[in-house]
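Each chain, written out:
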Amino acid sequence: MSARILILGGFGRVGLETARYLQAHGEDRLTLAGRRLHPLPPDLAAANGRVATASVDVGDEARLSRLCGEHDLVIASIGPSGLTGSRVARACIDRAVPLLDPGGYDPLLRELEAIERERPVPVPLVINAGLLPGLSGLFPRHLIERRGAGRQPVALECHYVGRDAWTYASAWDIVHSLGDFGAERGFCAVEDGRLQRIRLSHAFAKPTLPAPIGKITSALTYTEEIGRLGREFAIPSVRVYGANNGPRSALVSVAAKLLRLYRSPRGIERAARWLVRASARDMRRLQPVFAIAATVRFSDGTTTRGTLQVADTYRATGTAMGIAARQLTSEAGISPGVRMLHEAVDANEFMALFNAAAITTHLEIEES
């Protein structure tokens, strides 16, 4: 089945990797769009005329609406998500065109669900569909469902480690997330089915992950993605830890959190510029990596542990987006409504396709 797919931010690293996956795995016609036109990379330029280009500023609502309406699916690989807001999503709702967004995060999720409560959303709007959030919720779901129905998970623990030379848009969203997008929950975890604050002395863990990460210190955090996963499966105990695994990047993240720079756009912009510079310096000597390590304990005493690592975070994000896009445009499709990635697609099928892309540097699942 051939679809017309618009990739906003199509000349960025995630947009290009998404286009490459789609070009290699189907006959879709792609439009790569950005604020300014850029020449296509040779591999996409040679795609038998299936890849076109367009210019659009998401602040131009009329132009954005027209362009969205000319396609069967919109992929919003633009940011920072906290500044883009709901402009693209609202254009998709008005034009009844499905949306796939690797970002969006909690603010967009809340806004779209508020719209959905007022009136039915006519198309699927799949947000938080990249690596974190995105694969970070889908991989734990895959572990929960791996042995099939009938086992009740009683505890879920996840560790997320990221390290790369972050773009300004990525850095902006990372800093914004340090304050839980305005919620400021602090160190917390789900215990006995309730979200509880955790003392500073108990808020850190030191897991050991495969090379090139090794032993790290990660801090408790809250993600709406895993919170929703925990509620769906009625898991009494849920803990999520995260780490920006570059020494300079980690220092900037700690400073931004302690100084509460995430509270204002000006503070976020300042910390984001620091993080861009710090992560670039970190990567002079370190390798990029993104890792998900999750442990699920079940009521029957069995445990499933899984670790997934990728080296190229932008390619992995583009691959995840490409897989989700293929599922959105398939004959079976995805039913209308607002969803996160792990709620929209079949986790086992998705993971099989992700593994087939051969971009993981480490994948291990143990059951006991």
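Above this text you will find the structure in question.
The model shown is predicted, which means the values in this text are computed figures rather than measured ones. (Residues numbered from 1 in each chain as written. Predicted model: local features only at pLDDT ≥ 70, side-chain atom pairs only at ≥ 80, totals over all residues. Heavy atoms only, no water.)

**Q** What's the story with the packing of helix H12 (residues 313–328) against helix H14 (residues 347–356) in this structure? I'm lost.
**A** Packed helices, taken two at a time, are described by the angle between their axes plus the distance between the axes. Axis separation between H12 and H14 bottoms out at 10 Å; the angle between their running directions is 130°. Taken together, the axis directions place H12 and H14 in an arrangement best described as oblique. Here the hand of the crossing between H12 and H14 comes out right-handed. For the pair H12 and H14, the contacting residues are Ala316, Thr319, Ala320, Ile323, Ala324 and Gln327 in the first and Glu349, Phe350, Leu353 and Phe354 in the second. Among the residues forming the contact of H12 with H14, the class breakdown is seven nonpolar, two polar and one charged. (Axes fitted to C-alpha atoms, helices over the stretch in contact; angles between N-to-C directions. Helix = DSSP H or I, 4+ residues; strand = E, 2+ residues; numbered from the N terminus. Parallel < 35°, antiparallel > 145°, perpendicular 65-115°, else oblique. Left-handed = near helix turned anticlockwise from the far one by under 90°. Contact = heavy atoms within 4.5 Å. Nonpolar A, V, L, I, M, F, W, Y, C, P; charged D, E, K, R; others polar.)

**Q** Sorry if this is basic, but what is going on with the nonpolar core here?
**A** With 58 residues, the main nonpolar core has Leu32, Ile75, Leu100, Leu135, Phe350 and Phe354 as its most contacted residues. For Leu32, the residues in contact, after removing those within four places along its chain, are Ile7, Gly10, Phe11, Leu16, Ala19, Leu40, Leu44, Val51, Ala52, Thr53 and Ala54. Judged by nonpolar contacts, the second largest core, of 28 residues, contains Val74, Val88, Leu112 and Leu125. (Core = buried A, V, L, I, M, F, W, Y, C linked by side-chain atoms within 4.5 Å. Buried < 20%, exposed > 50% of the residue type's maximum accessible area, 1.4 Å probe, protein only.)

**Q** Would you take a moment to explain helix H10 (residues 247–258) for this structure?
**A** In an α-helix, one turn spans 3.6 residues; hence positions three or four apart end up facing the same way. Its twelve residues give H10 an end-to-end C-alpha distance of 17 Å, which sits within 8% of 16 Å, the value for a rise of 1.5 Å per residue. Residues of H10 that are buried: Ser249, Val252, Ser253 and Ala256. Projected onto a plane normal to the axis of H10, the buried residues spread over an arc of 100° and lie on a single side. Of the exposed residues in H10, those oriented more than 90 degrees away from the buried face are Pro247, Leu251 and Leu258. Elements that come into contact with the buried residues of H10 comprise strand E14 (237–244) and helix H11 (265–282). Remark: Arg260 follows H10 within two positions and exhibits a positive phi of approximately 55°. (Expected span 1.5 Å × (residues − 1). Arc of directions from axis to C-beta.)

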